[in-house]
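Residue-level structure breakdown
So you can see what is in the structure, the chains are spelled out below.
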Amino acid sequence: MSATIEHETTQHADAVLDIDGITVGYGGVPAVREVSMTVRPGQIMAVLGPNGAGKTTTLLAAVGALATMSGEITAFGAPLDRRVEKNARRGLTLVPDNRGVFHKLTVADNLRLAKRSGGLGTDDVFAYFPKLKSLKARRCGNLSGGEQQMLALAKALLSGPKVLLIDELSMGLSPIAVKDLLPRLRSIADDQNMAIVLVEQHIDLALGIADSAVVLHHGRVALEGTAQSLRSQRHLVEAAYFGRTGQPAESN
C-alpha cells in the first residue's frame, strides 16, 4: 500500500489525464500494479523511481501504446482510445527516452515534419529553446545530447499537446544540461496551461519544478503527495525509492 503526503482530496476534478488503478504488463505478466495518478492543466507530475519500477510502462499505457489488464485511463473526460494515433490527435504527446528525432535530417527539417495545426509555432518553440534557432541547418546526428533533447521537446510542442509525457528527460545528459532544461518545462506548463508528466531520475531537480509526484517501486505507487511536501521529507522519498518501509508524516 502506498503512503500519501498532503495529497489533494479533490483528486479527479478538472483532470486532463486520470489513471485509475491500472495494472499493465507484458505477455500477461504484470509490470505495473494498481497505479493511480491524476494530472490537471498547468500541473507537472513527477514520476520517480529506480530502474525497473514501471515508469516507462505507465507512460506507454497512458498514451495507449500498452493495453491495461485492469483499471481505467481517462483523457479529457473520456476513456482512452486503444489507438495511439487517435490519442495523439486528442492531445496526448509522448517524448520517448530515445527522443524520436531523425538524425540524418537537419533541425529545421525535424521541426517542419513535426508541425501540426493547433500546435505552437516555430518562433514560439525558439523562444523556449533559443539555441535551436542557431542550429537550424545542422544535422541532428551532430547535436549534443542536450541539444537533441531540446529538439525532441520542441517537436512535441509543435504537435499541439495538451498533456506532454516525457520519459527520462535527463538520460545521457550532464547535470548542467538537466538544470538548464527542467525550468523550461515549468515555464511551458505555466505559459501554455499544459499538463506535463515527467519521468525523471534526478529527484531533487524534478521535485523543484513539479506540483506533485509519485514514487514507483516494483510496479506499485510507494509514495505520493505534493512536490513541496516530498521535498521537505526527503527521507521518506528515499525510503520509498529504495523499497524501505517508512511512515508518512501527518498532513498539515
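Quick word on the overall build of the protein
In terms of regular secondary structure, the protein is built from 9 helices and 11 strands. For 252 residues, the compact-globule estimate of 2.2 N^0.38 gives 18 Å, and the C-alpha radius of gyration of the protein, at 18 Å, lies within 12% of that figure. Seen through its principal axes, the protein has C-alpha atoms that stretch 55 × 35 × 35 Å. With an accessible surface of roughly 11,700 Å², the protein has 50% of that area assigned to carbon and sulfur atoms. On the protein, the mean spot of the 27 positive side-chain charges and the mean spot of the 25 negative ones are 9 Å from each other.

Comments concerning the sheet that holds strand S3 (residues 29-39)
Strand order in the open sheet formed by 4 strands is S3-S2-S5-S6, with antiparallel pairing between adjacent strands. The open sheet terminates on both sides in strands that have one partner only, identified here as S3 and strand S6 (78-79). Taken together, the 7 bridges between strand S2 (residues 17-26) and S3 define a ladder with antiparallel strand orientation. In the sheet register, Asp18 faces S3, and the bridge partner there is Thr38. Sitting on the sheet, helix H1 (residues 55-62) is in contact with S2, S3 and strand S5 (68-75), with an inclination near 115 degrees to S2.

Re the layout of surface pockets
One number sums up the size of the largest pocket: a volume of about 670 Å³. Taken together, 25 residues form the lining of the largest pocket, with Ala88, Thr93, Leu94, Arg116 and Ser159 sitting closest to its centre. Among the elements of the structure, helix H2 (84-90), strand S7 (92-95), helix H3 (107-114) and helix H5 (145-158) are those that each provide at least two residues to the lining of the largest pocket. A breakdown of the residues in the lining of the largest pocket according to their chemical character gives 14 nonpolar, 6 polar and 5 charged.

Quick look at the confidence of the model for the protein
The predicted coordinates ought not to be read in detail in places where the model reports low pLDDT. Across the protein, pLDDT averages 90, with 92% of residues at or above 70. A low-confidence stretch, residues 247-252 stays under pLDDT 50, and its non-local contacts, those more than four residues away or across chains, total 9 contacts.

A few points about the pattern of salt bridges
Scanning the entire structure with this criterion turns up 10 salt bridges. With its nearest N and O atoms 2.5 Å apart, the salt bridge here joins Arg112 to Asp109. Taken together, the residues Arg112 and Asp109, both in helix H3 and 3 residues apart, mark about one turn of the helix. A salt bridge links Asp204 to Arg234; the shortest N-O distance between them is 2.7 Å. One end of the pair, Asp204, is in helix H7 (residues 203-209); the other, Arg234, is in helix H9 (residues 234-241), and 30 residues separate them in sequence. Residue Asp204 is classed as partly exposed on the basis of its relative accessible area, which comes to 47%. Look at Arg234 and you get partly exposed, because its relative accessible area is 25%. If you follow the salt bridges from partner to partner, you end up with Asp81, Arg83 and Lys86 in one network.

Notes on the packing of aromatic side chains
Inspection of the entire model under this criterion finds 1 aromatic pair. Between Tyr241 and Phe242, the ring centres sit 5.1 Å apart and the planes meet at 65 degrees, which makes this aromatic pair edge-to-face. With relative accessibility at 54%, the residue Phe242 sits in the exposed group. A cation sits over an aromatic face here: Lys162 above Phe76, 5.3 Å from the ring centre.

Cut-off values and rules
- Residues numbered from 1 in each chain as written.
- Predicted model: local features only at pLDDT ≥ 70, side-chain atom pairs only at ≥ 80, totals over all residues.
- Heavy atoms only, no water.
- Helix = DSSP H or I, 4+ residues; strand = E, 2+ residues; numbered from the N terminus.
- Rg over C-alpha atoms; globule rule 2.2 N^0.38 Å.
- Areas by Shrake-Rupley, 256 points an atom, 1.4 Å probe, with all protein chains shown as cover.
- Lys, Arg positive; Asp, Glu negative; His and termini not counted.
- Charge placed at Lys NZ, Arg CZ, Asp CG, Glu CD.
- Pairing = 2+ DSSP bridges.
- Contact = heavy atoms within 4.5 Å.
- Axes fitted to C-alpha atoms, helices over the stretch in contact; angles between N-to-C directions.
- 1 Å grid on protein atoms, 1.4 Å probe; cavity = no way out; pocket = protein on both sides within 12 Å on 5 of 7 lines; lining within 4 Å.
- Points joined across faces, edges and corners; volume = space filled by probe spheres on them.
- Nonpolar A, V, L, I, M, F, W, Y, C, P; charged D, E, K, R; others polar.
- pLDDT = per-residue confidence, 0-100.
- Salt bridge = Lys/Arg side-chain N within 4 Å of Asp/Glu carboxyl O.
- Buried < 20%, exposed > 50% of the residue type's maximum accessible area, 1.4 Å probe, protein only.
- Phe/Tyr/Trp six-rings, centres within 6.5 Å; stacked < 30°, edge-to-face > 60°.
- Lys NZ or Arg CZ within 6 Å of the ring centre and 35° of its normal.

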